[in-house]
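# Structural characterization, general
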Amino acid sequence: MTEDIVILTGAGISAESGLGTFRDVNGLWTRYDLEEVATPDGFARNPALVHEFYNTRRANCRAATPNAAHLALARLEREGLGRVLVVTQNVDDLHERAGSRAVWHMHGRLARALCAACGYRWDAPDFMDPQDTCPACAAHATRPDVVWFGEYPHRMDEIWERLRAATLFVAIGTSGQVYPAAAFVQDAGRAGARTLELNLEPSAGISDFDEARLGKASDLVPAWVAEVLAQAEP
Ligand code: APR
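Residues numbered from 1 in each chain as written. Predicted model: local features only at pLDDT ≥ 70, side-chain atom pairs only at ≥ 80, totals over all residues. Heavy atoms only, no water.

This brings us to the sheet that holds strand 4 (residues 108-115). One open sheet holds the three strands; their spatial order is 5-4-6, and the pairing between them is antiparallel. Edge strands, defined here as strands with exactly one partner in the open sheet, are strand 5 (121-123) and strand 6 (142-146). Going across the sheet, the axis of each strand differs from the next one's by a mean of 45°, ignoring polarity. Sheet contacts for helix 4 (residues 47-63): strand 4 and strand 6; angle to strand 6, the most-contacted strand, approximately 50°. (Pairing = 2+ DSSP bridges. Helix = DSSP H or I, 4+ residues; strand = E, 2+ residues; numbered from the N terminus. Axes fitted to C-alpha atoms, helices over the stretch in contact; angles between N-to-C directions. Contact = heavy atoms within 4.5 Å.)

Here's what the structure looks like:
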């Protein structure tokens, strides 16, 4: 059967690459006040603190390497028979570095910078600072190209279109607590897709999934990909 697979990933898929999650024990939101570092108001109040937060995350991301889960999703895209799309809530680039090409970052990317004055986007330097100026309009209005709480995620219309067309929706490493991503399982299920959760612990939305497998992504994802590829063999 030719599948049309949409995969939603969250911080849990990058946990074994050494990048922190948000809501686990010692998660980022237990060590930083998200109101201060992940909202437009926080950035307006203290841009230096916000740049420091993302400079640190950018450095951690550079030091991290894709794990077996990222590599397995790239294999699925390469060897699978149908379409495979990764919609990630993560701002790291580990899916791309693992070889995935169809990756949509609905919460933006650490690797990109945005001018709040003119909307210009460019590759972010390793370290950003409130004194930086926009390469296009020279305004002191540079910010990380990430989606903060209260801002609208990227490519939502295209994502909903793919969820409606999907035969299979898989959520990996996400707690299912942040919308609109947390509702994707319902959107896909309503449109007729089968739904699967691969997560270390039951997410908030586990009851919406046809099936849930609990464990580490680096174990669950390669095993699941091998299953899908074996079923797809002509
Ligand atoms: N393997 C699989 N799942 C894991 C692993 C692992 N090794 N480690 C942790 N997890 C699971 C946790 O059980 C949890 O359900 O990953 C999930 C991480 O949840 P969160 O920390 O809430 O991260 P996420 O769901 O990606 O957050 C969504 O919230 O703060 C915003 O913008 C931020 O994109 C983020 C969004």
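Moving on from the model shown.
Attention now goes to unusual backbone geometry. The peptide bond linking tyrosine 179 to proline 180 adopts the cis configuration, its omega dihedral lying at 5°. Following the sequence through the fold, proline 180 ends up in the loop between strand 7 (168-172) and helix 8 (184-190). A positive phi is found at asparagine 26, a non-glycine position, where the angle reads about 70°. Within the secondary structure, asparagine 26 is located in the loop between strand 1 (4-9) and helix 1 (28-31). Positive phi values are uncommon outside glycine, yet arginine 155 reaches one of about 60°. By the element assignment, arginine 155 lies in the loop between strand 6 and helix 7 (156-165).

The tally for this structure, following the rule as stated, stands at nine aromatic pairs. Ring centres 5.2 Å apart and planes at 35° place the aromatic pair phenylalanine 22 and tryptophan 29 in the tilted group. Among the residues examined, phenylalanine 22 registers a relative accessible area of 19% and is labelled buried. Exposure remark for tryptophan 29: the relative accessible area of 18% places this residue in the buried category. Considering the side-chain rings of tyrosine 54 and tryptophan 148, the 6.4 Å spacing of their centres and the 45° angle between planes classify their relative orientation as tilted. Pair noted here: tyrosine 54 is in helix 4 and tryptophan 148 is in the loop between strand 6 and helix 7, with a separation of 94 residues, a long-range link. Like tryptophan 148, tyrosine 54 is buried. Of note, arginine 62 hangs over the ring of phenylalanine 127, and the distance from its end group to the ring centre comes to 5.7 Å. (Phe/Tyr/Trp six-rings, centres within 6.5 Å; stacked < 30°, edge-to-face > 60°. Buried < 20%, exposed > 50% of the residue type's maximum accessible area, 1.4 Å probe, protein only. Lys NZ or Arg CZ within 6 Å of the ring centre and 35° of its normal.)

Moving on to the nonpolar core. Ile7, Leu73, Leu76, Ile172, Val221 and Trp224 are the most contacted members of the largest nonpolar core, which totals 22 residues. For this core, the elements supplying multiple residues, two or more each, are strand 1, helix 5 (68-79), strand 2 (83-88), strand 7, strand 8 (194-199) and helix 9 (217-232). The biggest single contributor to this core is helix 9, with seven residues. (Core = buried A, V, L, I, M, F, W, Y, C linked by side-chain atoms within 4.5 Å.)

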